[in-house]
Amino acid sequence: VTTSENFRPNIISLDGWAGSQRFNSVWSGDQTGGNWEYIRFHIPTYIGSSLSGNPNIGSDMDGIFGGKALIAARDYQWKSFTPQMLNMDGWGTYMKAPFTFGDPYTGINRMYMKMKSRLMPYIYTCAAAAANLDTGNGDTGLPMVRAMFLEYPEDDYAYSRSMQYQFMLGESILVAPVYQNIDGDEMGNDVRNHIYLPDSNQIWVDYLTGELYHGGQVINNFDAPLWKLPVFVKQGAILPMYEENNTPDAICREKRLIEVWPSGETSYTVYEDDGKYISNETEEAEGYGTIDHISYGDHVSTTYTSKVEGDKAILTAEVSKGNYEGYSSRRETTWIVNLSCRPEAILASNGEKSLVVKEVIDQKNFEEQIPAQGEAWFFYDEAPRLRTYASEAETELLKMTENVRTMPKLYIKMAAADAKTMAQRVEILGFI
């Protein structure tokens, strides 16, 4: 497509010569869904494509032919933590859509796609690093789907053959897809064996329930009911997010959410641009003729930090740097802090100005209302329910998850501020 501007295209190719990763993503071709083998061989396919220099990898959801509700649900789960998901309709035994099979499958698929929509700032930053941009996180050139040894090159076990069935999404999220029936019942409630959590000095957190696991061990018989994907996040991780949404047009960049698992001293820099335009430059290279360079234009970077000092956790959204056309620097910031118990006190500031901190006892009001200037609100949930986004009519999914609780969460929403001139800081006293 020729346009008057350098519009960033989205090209999906079945295959390509070396170098094609500069121009297109790869789709794995026509596959038959409805069987576990389809998921099993795609996990190392994604890892291998990423190791081969093309991080933009995807495949049809539950295949182009055949299909089965259970396999489709498991497919939506793990692929929600990968670069792209495609529905190829017209050849299968059912309409290839996430809502085809109804309750509980529709709700499970929705839940994971909502997770992906929330994680887009993190995923987009991983994509920028994969495009060889310096995001400030020390992972320039690494793919989005990362073989375990890319994140843990000194760990001999990370090179073992069994590691072809799990991967890292960026530096913070470990995904272990359910790819076979081990001891599943008629609904597909099962277990996952041989999950390796690296680094004996690292605590890993079950992303869905908040349970804690020491690193440096292999986990077998990990409970994986139909609704649950084994996915873990590092203690200390900082995940920038958006509010859940259904389309890119619905994303509100002015509302930034940052989920944190404070531990030690950590940081994460999120990359943001207009998502549309690129610039092309050429130069003469001796012996090589003319070489094209593709750059991604202007962008904004924001570094988030987390530091635990004794029984105090300090969270900071540092001043944003850079600019791009259409960028709005006025940002409303909500921290989602995973912790062990109710804190003693909370302090907050926009720049040098301290904010009056008020408690909100109703989560619905917390989410829907905006603090006035000079204020910050907090809401503490001692035992949050798993957020499934299920409607009251989705009784099967609600029944499956009615007793699922996560670790306590502290939500802190700060009055809007100019992110380019003002850092936003929170101190949590009595943090455990």
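Residues numbered from 1 in each chain as written. Predicted model: local features only at pLDDT ≥ 70, side-chain atom pairs only at ≥ 80, totals over all residues. Heavy atoms only, no water.

1. A few points about the nonpolar core
Ranked by size, the top nonpolar core spans 81 residues in total, and within it Phe81, Tyr207 and Trp335 carry the most contacts. Formed by 15 residues, the second largest nonpolar core is a distinct cluster that contains Tyr152, Met163, Ala176 and Trp204. (Core = buried A, V, L, I, M, F, W, Y, C linked by side-chain atoms within 4.5 Å. Buried < 20%, exposed > 50% of the residue type's maximum accessible area, 1.4 Å probe, protein only.)

2. Some thoughts on the packing of aromatic side chains
Inspection of the entire model under this criterion finds 20 aromatic pairs. Considering the side-chain rings of Phe81 and Tyr207, the 6.4 Å spacing of their centres and the 85 degrees angle between planes classify their relative orientation as edge-to-face. Pair noted here: Phe81 is in the loop between helix 2 (69-79) and strand 6 (84-86) and Tyr207 is in the loop between strand 12 (203-206) and strand 13 (212-214), with a separation of 126 residues, a long-range link. For Phe81, a relative accessible area of 1% corresponds to the buried category. (Phe/Tyr/Trp six-rings, centres within 6.5 Å; stacked < 30°, edge-to-face > 60°. Helix = DSSP H or I, 4+ residues; strand = E, 2+ residues; numbered from the N terminus.)

3. Some thoughts on unusual backbone geometry
The omega torsion of the bond from Asp103 to Pro104 falls at 5 degrees, within 30 degrees of zero and hence cis. Positive phi is not limited to glycine here, since Asn132 has a value of about 75 degrees. For Asn132, the position within the fold is in the loop between helix 4 (120-130) and strand 7 (145-146). Asn132 sits in the exposed class, given a relative accessible area of 56%. One non-glycine residue, His194, lies in positive phi territory at about 55 degrees. The residue His194 is located in the loop between strand 10 (190-192) and strand 11 (195-197) in this model.

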